[in-house]
Amino acid sequence: MTPTNPGPAPVIRPAQLKEQPTAVVHETVPMNALRDFFGRAFGAVMGAVQQQHVQLAGPPFALYRGTPTDVVDVEAGFPLAAPFTNPGGVDTAVLAGSLPSGRAYEAMHIGPYESLQQTYGAIMARMRQDGASPGEAMWEYYLTDPGAEPDPAKWQTLVVWPVA
């Protein structure tokens, strides 16, 4: 594996998604500030769901809307086993949300976050091959904690891209 050849091509598979309740922090963030945003958002969501005694139903994720440029419309948080209730009258950045149901394509990305574009490109190619159109939003489940696994070549990210 090298920076120009990050590893094997991802296996892309169609999926049928079920709606999933979430708790998230939603912001428009400069691309170079995503790491700080994720740390802040994941911590805030974890604290808020613990206060409501809601069980997590999966790993942390980030949902992106539209085509990323130097800034990105992103929400970061966790899928939940039950709906999150927006705290009334409390000034909090944590909101109830959901990941939508419907058809999608999924691919496991193995390697550093900087090479995720290659996985998105492979999913887009598969969509075109199948005559599908990409949806406006896509998300990534972060299956590897960079704090626990310092080697970016081993990081696993599940990319999910719904079709329009």
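Residues numbered from 1 in each chain as written. Predicted model: local features only at pLDDT ≥ 70, side-chain atom pairs only at ≥ 80, totals over all residues. Heavy atoms only, no water.

### Points about the overall build of the protein chain
The helix and strand tally for the protein chain stands at two helices and eight strands. When the helices and strands of the protein chain are read in sequence order from the N terminus, they spell out β-β-α-β-β-β-β-α-β-β. For the protein chain, the C-alpha radius of gyration of 16 Å lies close to 15 Å, the compact-globule estimate for 164 residues. For the protein chain, buried positions account for 38% of its 164 residues. Long-range contacts, defined as pairs at least 24 residues apart, comprise 75% of the intrachain contacts of the protein chain with a sequence gap of at least 6. Accessible area for the protein chain stands at about 9100 Å²; split by element, carbon and sulfur atoms hold 54% of it. (Helix = DSSP H or I, 4+ residues; strand = E, 2+ residues; numbered from the N terminus. Rg over C-alpha atoms; globule rule 2.2 N^0.38 Å. Buried < 20%, exposed > 50% of the residue type's maximum accessible area, 1.4 Å probe, protein only. Contact = heavy atoms within 4.5 Å. Areas by Shrake-Rupley, 256 points an atom, 1.4 Å probe, with all protein chains shown as cover.)

### Some thoughts on helix α2 (residues 116–130)
Since the α-helix turns once every 3.6 residues, residues separated by three or four places project in the same direction. Taking 1.5 Å per residue as the helical rise, α2 with its 15 residues ought to reach 21 Å, and the 21 Å between its terminal C-alpha atoms agrees with that figure. Within α2, the full set of buried residues consists of Leu 116, Thr 119, Tyr 120, Ile 123, Met 124 and Met 127. All buried residues of α2 fall inside an arc of 140° around its axis, so they share one side. Along α2, exposed side chains directed more than 90 degrees from the buried face belong to Arg 128 and Gln 129. Residues of α2 that are buried in the fold lie against β1 (12–17), β3 (61–65), β6 (102–110), β7 (137–142) and β8 (156–162). At the C-terminal side of α2, Gly 131 shows a positive phi close to 75°. (Expected span 1.5 Å × (residues − 1). Arc of directions from axis to C-beta.)

### A short note on the packing of aromatic side chains
Under the criterion given, the structure shown has nine aromatic pairs. Taking the centre distance of 5.6 Å and the plane angle of 15° together, the rings of Phe 38 and Phe 42 count as stacked. Taken together, the residues span about one helical turn, with Phe 38 and Phe 42 both in helix α1 (residues 34–51) at a distance of four residues. In this structure Phe 38 comes out as buried when scored by relative accessible area, which is 14%. Each ring, one from Tyr 113 and one from Tyr 142, has its centre 5.6 Å from the other, and the planes form 75°; the classification is edge-to-face. (Phe/Tyr/Trp six-rings, centres within 6.5 Å; stacked < 30°, edge-to-face > 60°.)

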